[in-house]
Amino acid sequence: MKSNTVPRLNLAPKRRRPLSLSNPLDYLQLLGWVFFFPQALTWYVKTFGEEKALNSCKTWQERGEWWWASPVQLNFWFQGLLLTVFTPFVIALILNILDIPVTLAELSPGVAGSIIFGIVGGIGLGVEFGVMVSVAFSIAFFVATCVADTMLDTAGIMEGVMTGITFGVAGGLVGSVIGAALGVVGIVFFVSIIFIGIAFIIAFVIAGIALGIALGLTLGITFSLASDVQFSIAFSVGLVIAGGVALSRPEIWSIVTLLRSLSIYRLRFFSRVTLIPSALLSHQLSNWLSQDWNIAIYNLNQLLSYTQQFIPVVNAVNQTLDKLPDDLLFLRTAQLADNTFDWNLILYASASLSNKLKAEAIDGIFYLPDTWKRRLQSSFDTYPRLNTSAHAVAAGFWYLRQNKPDQAAMAFSKVQHLPHGTEMQQLASYLVIATDVEQLNDKKLTTALSVPDSPLLRPYTWAAITRLRSVVNNAQIVYQSYSRSARSLALNRALGELTNLLQEADQVPQAERGLIIKIAEIWREKLLTIVTDIGDVAYTEPVQNPYVAGDPVEGNLFTGRKVVLQQLEELWLMGNQLQSVVLYGHRRMGKTSILKNLSHVLGNNLQVAYVNLLNLGAVSQGAGEVLITLSDAISHTLSISPPKDDDLLSLPYPTFRRFIQAIGKQLKDKQGLVIALDEFEKIEELIAAGKLSPDFLGFLRGLLQMSPNIAFAFAGLHTLEEMTEDYFNPLFASVLPIRIGFFDIGETRELLANPSDDFTLDYTPDTLNEIYRLTAGQPYLTQLIGFQLVRQYNHQVFEQSRSRDPIFTPDDLTTVIQHTDFFAKGRYYFTGVWNQAAQDAPGQQTLLKILAPHFDGLTLSEIRRELGRQTELSSEAIEPAVNTLRRHDVVKCDVTAQSDATKWRIIVPLFRQWVLDNQCSTP
């Protein structure tokens, strides 16, 4: 059935402007709201009033200031007081016109008392409460007085013994009415704070009856002493008639029931005020829930917000959850819990609402001894039940909301067989540990967490728990490290994680949100208690430089390259066999660092034998000498004996092939070997020099297919990419190329700001942005700038004894870049790129000289004009040269905003500056 068969209810008041003090119709609407739509009072204040609630004011002075600063609420309250005064007089005037005499004495007490209640209630508890109490009590008191007078005029009151009996009955009835009145007031009051449900409202009324009987007796005695017994009894009966009907509203229930039975639109009629369940409403809601769960939940919230039909809503939810298939039970209950207006709906999806009402009714019988009450109530189970899957799931979410993760874990343990059951049980169990631990370095906090496999029912909650685990990891450093700087930084990171978690707590679902916030606040307090012990970082010795300029970065200093590592994980850890790859990119891009860190990143099941082919030297013994180097690296990695050198020199190919075959047989399932050959251009050089036979590449290709547990990782310059595109190349036809490019801005910032766990210096955001602009994310230059900045800081503070903040600014960056030492140290990168531009397509260096003076770049036609009289580069050679530089990540093309013209420019501004300073003056 289509979702549009379920109507979307809108039971909120249809009003677009505040009430006016001068409009009589607005007073009639307010009067109608009081008696026929009390929920509208709260809606009105929330819609048109101030966001700050009166309940947030702590003192009477703050409450008074709030009133004067809240004109909408003040006008609303004043309108209620005007209705309190004038409505009984209007009714009295109408009655007098109808020859039903009403005197001023019958009006004054109720009006005066109502005004007092309205003022005190409004100032103390809120405008909705004040308006409701004043208007309702004024009219109820007036009606009760009129009924009392009518009874005294039309019937005599029994005297003697019957007077005492009647007085007692009247007192009880007065108590009932006062309890009922308290119930009505309780509805409005609790709606304004949190709508706790009809079950608790009824319980509040019943409990109020016991107090009301005592108050009724007091009122009866007071009236007897002040006038006579007959008026006391009559007034009590009148108050019963006025108040009892106001609470149950049977006439409203009858009218709505009639309309629903007669009208073809019967599904749209709902009573606002009656507590009596509407006929067939539960069945109707059950049908809606079975047709469209989300729209039906919205409709349930409308009913909970703007009617008193809590019982039919509870029945419909219970009926629907009991019929849900197992694979939808957790999902649907979670959707209900995450979007419910009243959390008691989740409670009574597990607990018995009927038993709760019976227990509250027994508690309201004032004349029963407490021991009898407890004995009778013990026969009614009012706690969440775990006897069915639906009850257990709802109970788990309810206990999470009540900050009782231990009981939630027990409830979810009953339904671990259902989809998401294990996830929710693990979640509740971890929250138990996180709530109970006394020290954040407790090992249970790190060992207990195991995030289930996707898809997750609560992804935002698990993200929050992952942050909590990060806090624990940093807390370990705070508690265990001897370094003040390391402890201080770890503490700052932990507090930062908790602050971010609290700021984004609204993303966590409602059920566990309170627990997550509570845990974060407790943990923050624990960490703040040790702030004074750690203090600020004291720079008493030079800062250890964590940046590595030139050499490969290894261990904890290695950062970034998440995309590349993720690709390699997919190829090597998630497939049935290892895939050989080629990592290519221009010089100083971090290819060697990636290869050297593979074994640390990818786990123990994957062994990496790293070989830098530049260490081969001249190679006088041919293929055997190359294979000896490879065998030594493999045997060192796997802790096995290599083949004999003589065998490799005499029969290089068969000997090495048998060695690889033996290794493939020894490797167990899910174990693998990656042979990483860095600087692979060396092989091409040896073949070109005649030191290696051209069939060496064919031999390597045969090794690629020898074992599914063995793969090769070749790394080198962009020429490898060009080799992979050659279909006839015997080696690279079956390998996967992976480009190693520049860092993005996020990786650049991470590398600079967090090069190591105990790095104590910082950067301004402008400095980080400028470094990225100058380097374009080139890893070597980024490391070099960081290295020079730390070196400059140590020189200023500890050699020159200058006082400065431990934060790098754009001025610091300018000083470093303009120092001649910077370009001298970066010559390995600059000259490497320049020399590579002398290979392959001719004219690359000439193009770089032409582009260097132009920061924004040049079009191809502008490049041709710049060539002028130069004859060493023909017009036809420009495009091949440009395309080669583009493939090698030296230049890029940009489309200008003013036109569609494509401009070519040098990617790295620092390299452009080097070319301008060092090559453009060269003839």
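Residues numbered from 1 in each chain as written. Predicted model: local features only at pLDDT ≥ 70, side-chain atom pairs only at ≥ 80, totals over all residues. Heavy atoms only, no water.

A. Structural view of the overall build of the chain. Scanning the chain from terminus to terminus reveals 43 helices and nine strands. For the chain, buried positions account for 48% of its 923 residues. Counting contacts in the chain only where the partners sit at least 6 residues apart, residues at least 24 apart contribute 73% of the total. Carbon and sulfur atoms form 55% of the exposed surface of the chain, whose accessible area is close to 44000 Å². (Helix = DSSP H or I, 4+ residues; strand = E, 2+ residues; numbered from the N terminus. Buried < 20%, exposed > 50% of the residue type's maximum accessible area, 1.4 Å probe, protein only. Contact = heavy atoms within 4.5 Å. Areas by Shrake-Rupley, 256 points an atom, 1.4 Å probe, with all protein chains shown as cover.)

B. Seen up close, the environment of P71. Mapping P71 onto the fold places it in helix α4 (residues 71-97). Residue class for P71 comes out partly exposed when judged on its relative accessible area of 46%. Measuring from C-alpha to C-alpha, the distance between P71 and G49 comes to 7.9 Å, with 22 residues separating the pair along the chain.

C. Main features of the nonpolar core. By size, the foremost hydrophobic cluster in this structure holds 97 residues, and its most contacted members are F330, F397, L400, W523 and L527. A per-element tally of this core places helix α18 (residues 389-401) first, with nine residues. Not counting residues within four places of it along the chain, the set of residues in contact with F397 comprises F330, T333, A334, A337, W343, I346, F412, M424, L457, R458 and A511. Formed by 72 residues, the second largest nonpolar core is a distinct cluster that contains M589, I594, L768 and V882. (Core = buried A, V, L, I, M, F, W, Y, C linked by side-chain atoms within 4.5 Å.)

D. Structural detail: the pattern of salt bridges. Per the stated rule, a full pass over the model turns up 10 salt bridges. The partner of R791 in a salt bridge is D821, and the shortest N-O contact between them spans 3.3 Å. Linking R791 in helix α36 (residues 779-799) with D821 in helix α38 (residues 820-825), this pair joins segments that are 30 residues apart in sequence. Beyond isolated ion pairs, a larger network of salt bridges with shared partners links R15, R17 and D26. (Salt bridge = Lys/Arg side-chain N within 4 Å of Asp/Glu carboxyl O.)

E. Looking closely at the confidence of the model for the chain. Here the chain averages 74 in pLDDT, and 68% of its residues register 70 or above. Per-residue pLDDT stays below 50 along residues 116-130; that stretch engages in 43 contacts with residues further than four places along the chain or on separate chains. (pLDDT = per-residue confidence, 0-100.)

F. Summary view of the side chain of T461. You can see T461 is positioned in helix α22 (residues 459-480). Taking relative accessible area as the criterion, T461 reaches 0% and is therefore assigned buried. Sequence-distant contacts of T461, that is, excluding residues within four places in its chain, are made with L427, V508, P509 and E512.

G. Representation of the side chain of S282. By the secondary structure assignment, S282 is in helix α11 (residues 281-291). On the basis of relative accessible area, S282 is assigned to the buried category, the value being 14%. When near neighbours in sequence (up to four residues on either side) are disregarded, S282 contacts P312, N315, A316 and Q319.

H. How the structure looks around the packing of aromatic side chains. In total, this model carries 23 aromatic pairs according to the counting rule given. Among the aromatic residues, ring-to-ring pairing joins Y780, F822, F823, Y829, F830, W834, F911 and W914 into one connected group. Across the ring face of Y298, the terminal group of R8 is positioned such that the distance to the ring centre comes to 4.0 Å. (Phe/Tyr/Trp six-rings, centres within 6.5 Å; stacked < 30°, edge-to-face > 60°. Lys NZ or Arg CZ within 6 Å of the ring centre and 35° of its normal.)

I. Quick look at the environment of I907. Along the chain, I907 falls in the loop between β9 (902-906) and α43 (909-918). Residue class for I907 comes out buried when judged on its relative accessible area of 11%. In the structure, I907 is positioned 133 residues away from L774 in sequence and 9.4 Å away in space, judged by C-alpha atoms. Filtering out sequence-adjacent residues up to four positions away, I907 remains in contact with F742, A776, D889, V890, V891 and K892.

J. Representation of the sheet that holds strand β4 (residues 710-716) within the structure. Spatially, five strands are ordered β2-β3-β4-β1-β5 in an open sheet, and the strand pairing comes out parallel. For this open sheet the edge positions go to β2 (606-612) and β5 (736-739), each flanked by a neighbour on one side alone. Averaged over all pairs of adjacent strands, the angle between strand axes in this sheet comes to 20°, irrespective of strand direction. Here strand β3 (residues 672-678) runs beside β4; their pairing, made up of five bridges, is parallel. Along β4, the bridge assignment pairs L677 with F714. (Pairing = 2+ DSSP bridges. Axes fitted to C-alpha atoms, helices over the stretch in contact; angles between N-to-C directions.)

K. A look at α18. The terminal C-alpha atoms of α18 lie 19 Å apart, and with 13 residues this matches the ideal 18 Å at 1.5 Å per residue to within 8%. The buried fraction of α18 amounts to 11 of the 13 residues, a majority that puts the element mostly inside the structure. Within the span of α18, buried status applies to A390, H391, A392, V393, A394, A395, G396, F397, W398, Y399 and L400. (Expected span 1.5 Å × (residues − 1).)

L. The packing of α11 against helix α12 (residues 293-306), seen in detail. Between α11 and α12, the least distance of the axes is 6 Å, while the angle of their chain directions is 145°. The handedness of the crossing between α11 and α12 is left-handed. Residues L285, W288, L289 and Q291 of α11 lie in contact with α12, whose contacting residues are W293, A296, I297, N299, L300 and L303. Residue classes in the contact of α11 with α12 are distributed as eight nonpolar, two polar and no charged. (Left-handed = near helix turned anticlockwise from the far one by under 90°. Nonpolar A, V, L, I, M, F, W, Y, C, P; charged D, E, K, R; others polar.)

M. Main features of the pairing of β3. Among the seven residues of β3, seven are classified as buried, and the element is accordingly described as predominantly covered. Alignment of β2 against β3, held across seven bridges, turns out to be parallel. Bridge pairing links V608 to V674 in β3.

N. Main features of a negative patch on the surface. The grouping of D632, D645, D646 and D647 at the surface amounts to a negative patch. Residue contributions to the negative patch peak at three residues, all from helix α29 (residues 645-650). Mapped onto the fold, D646 is located in helix α29. According to the relative accessible area criterion, D646 is exposed, its value standing at 60%. (Patch = residues over 30% accessible without salt bridge, like charges linked within 9 Å, V, L, I, M, F, W, Y side chains within 5 Å. Lys, Arg positive; Asp, Glu negative; His and termini not counted. Charge placed at Lys NZ, Arg CZ, Asp CG, Glu CD.)

O. Main features of unusual backbone geometry. A positive phi angle, close to 60°, is found at A776, a residue other than glycine. Structurally, A776 can be placed in the loop between α35 (765-775) and α36. For A776, a relative accessible area of 16% translates into the label buried. The backbone of D889 shows a phi angle near 60°, a positive value even though the residue is not glycine. Inspection of the secondary structure puts D889 in the loop between α42 (878-887) and β8 (891-895).

P. Spotlight on the packing of α12 against helix α13 (residues 310-323). Axis separation between α12 and α13 bottoms out at 9 Å; the angle between their running directions is 160°. Here α13 runs roughly antiparallel to α12, going by the angle between their axes. In the crossing of α12 with α13, the sense of the turn from one axis to the other is left-handed. Along its contact with α12, which presents W293, L300, L303 and L304, the element α13 presents F310, V313, V317, T320 and L321. Of the residues contributing to the contact of α12 with α13, the split by class is eight nonpolar, one polar and no charged. (Parallel < 35°, antiparallel > 145°, perpendicular 65-115°, else oblique.)

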